[in-house]
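Structural overview
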Amino acid sequence: MSVQFINTIDRNAVGLRAAWMVQAQLNSKPDSSIVFPTGNTPLPMYEALGRIRNLDWSRSRLFQLDEYCQPEGMDAFPPGVETFAGFLDRVLWSRVDAQKFYLKDMLDDPMQYEGLVRANRGPDLTILGIGMNGHIAFNEPGSPSDSPTRRVDLAEETLVHNFGEERLNRDRAVLPRQAVTLGLSAILASRRILLLATGSRKRGIIRKAFGQHIAPSVACPASWLKMHPYVTVLTDFSV
Ligand code: F6R
């Protein structure tokens, strides 16, 4: 197995190591294409990236990993629900001078977006979190390794994680329940993949995904990463 595990002391250390990897990527290849995730896990990475001085983003190309879709008949998200584009702008993108590709502009044509991501043979670096159900991006359980970039239904577990049970029960009809996700096929075409997992509650799913005697399968989409030659898993717990 070609997965490299790095265990650090806490989520800030994971963020710092991840930021250094992005810095190294940009220093070695200034015109890198990098795919960025949203969620709680990468927040310390974005903070650490914001603190690195003199990082030259000017030739880089930044891509969103996924984006919520509006529920039918709605033209805005309800209060407290941020688009992933808005999230990325807030935590990093608005402050860097890079070429940014917004999935929200192409929700109706996911394969056109995949084409942009795959230009130059695929992203140089894709950064991922992992869902408690093993999803990467929003490739939920049941996703084969050749999944294209597409519109998907979010798993119930994902909805509960993202909105909380109470809000989901109250506002289900107006909350985004679908997203467009970069497909596993495009993710696996990335030259290098960095998966971040913090909080010991993620230990079980990391073991399930990367356990030596467990074959990759649709039951745990993150397990497909074992087929990739260059994956780093950064955790703040021992695996
Ligand atoms: C977000 C994404 C998701 C998250 C995952 C973990 O863009 O694609 O796969 O990475 O749901 O979310 P957190 O980090 O909030 O635990």
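Our subject is the structure that appears above.
Here is a short report on the structure shown in this document. What you are looking at is a predicted structure, and each value in this text was computed from that prediction instead of being measured.

A count of helices and strands for the chain gives eight helices and ten strands. Taken over C-alpha atoms, the radius of gyration comes to 17 Å for the chain, in line with the 18 Å a tight globule of 239 residues would show. The principal-axis extent of the C-alpha atoms belonging to the chain is close to 45 × 45 × 30 Å. With an accessible surface of roughly 10800 Å², the chain has 49% of that area assigned to carbon and sulfur atoms. Averaging the locations of the 27 positively and 25 negatively charged side chains of the chain gives two centres separated by 7 Å.

Counted according to the given criterion, the structure contains 13 aromatic pairs. Ring centres of Phe 36 and Tyr 46 lie 5.9 Å apart, and the angle between their planes is 50°; on these two criteria the pair is classed as tilted. On the criterion of sequence distance, the pair formed by Phe 36 in strand β2 (residues 33-36) and Tyr 46 in helix α2 (residues 43-51) is long-range, its members being ten residues apart. The class of Phe 36 is buried, set by a relative accessible area of 1%. Exposure remark for Tyr 46: the relative accessible area of 1% places this residue in the buried category.

What follows deals with the sheet that holds strand β4 (residues 66-69). Adjacent strands of a sheet form backbone hydrogen bonds with each other and so pair up, either parallel or antiparallel. What the three strands build is an open sheet, ordered β4-β8-β7; its pairing is antiparallel. Strand pairing shows two members of the sheet lacking a second neighbour, β4 and β7 (150-153), which therefore form its edges. Pairwise comparison of adjacent strand axes, ignoring direction, gives a mean angle of 30° for this sheet. Here four bridges tie β4 to strand β8 (residues 178-181), and the two strands are oriented antiparallel to one another. For Asp 66, the partnering residue across the bridge sits in β8 and is Thr 181.

In β2, alternate side chains face the same way, and those of Ser 33 and Val 35 on one face and Ile 34 and Phe 36 on the other are all buried. As defined by bridge partners, β2 adjoins strand β3 (residues 61-64) across four bridges and the pair is classed as parallel. The residue bridging Ser 33 from the neighbouring strand is Arg 61, located in β3. Each parallel crossover has a hand, and the one from β2 via α2 to β3 is right-handed. Pairing of β2 with strand β6 (residues 125-128) involves two bridges; the strand directions are parallel. Bridge pairing in β6 links Ile 34 to Leu 125.

Basis of the calculations
Residues numbered from 1 in each chain as written. Predicted model: local features only at pLDDT ≥ 70, side-chain atom pairs only at ≥ 80, totals over all residues. Heavy atoms only, no water. Helix = DSSP H or I, 4+ residues; strand = E, 2+ residues; numbered from the N terminus. Rg over C-alpha atoms; globule rule 2.2 N^0.38 Å. Areas by Shrake-Rupley, 256 points an atom, 1.4 Å probe, with all protein chains shown as cover. Lys, Arg positive; Asp, Glu negative; His and termini not counted. Charge placed at Lys NZ, Arg CZ, Asp CG, Glu CD. Phe/Tyr/Trp six-rings, centres within 6.5 Å; stacked < 30°, edge-to-face > 60°. Buried < 20%, exposed > 50% of the residue type's maximum accessible area, 1.4 Å probe, protein only. Pairing = 2+ DSSP bridges. Axes fitted to C-alpha atoms, helices over the stretch in contact; angles between N-to-C directions. Right-handed = clockwise from strand over helix to strand, strands pointing away.

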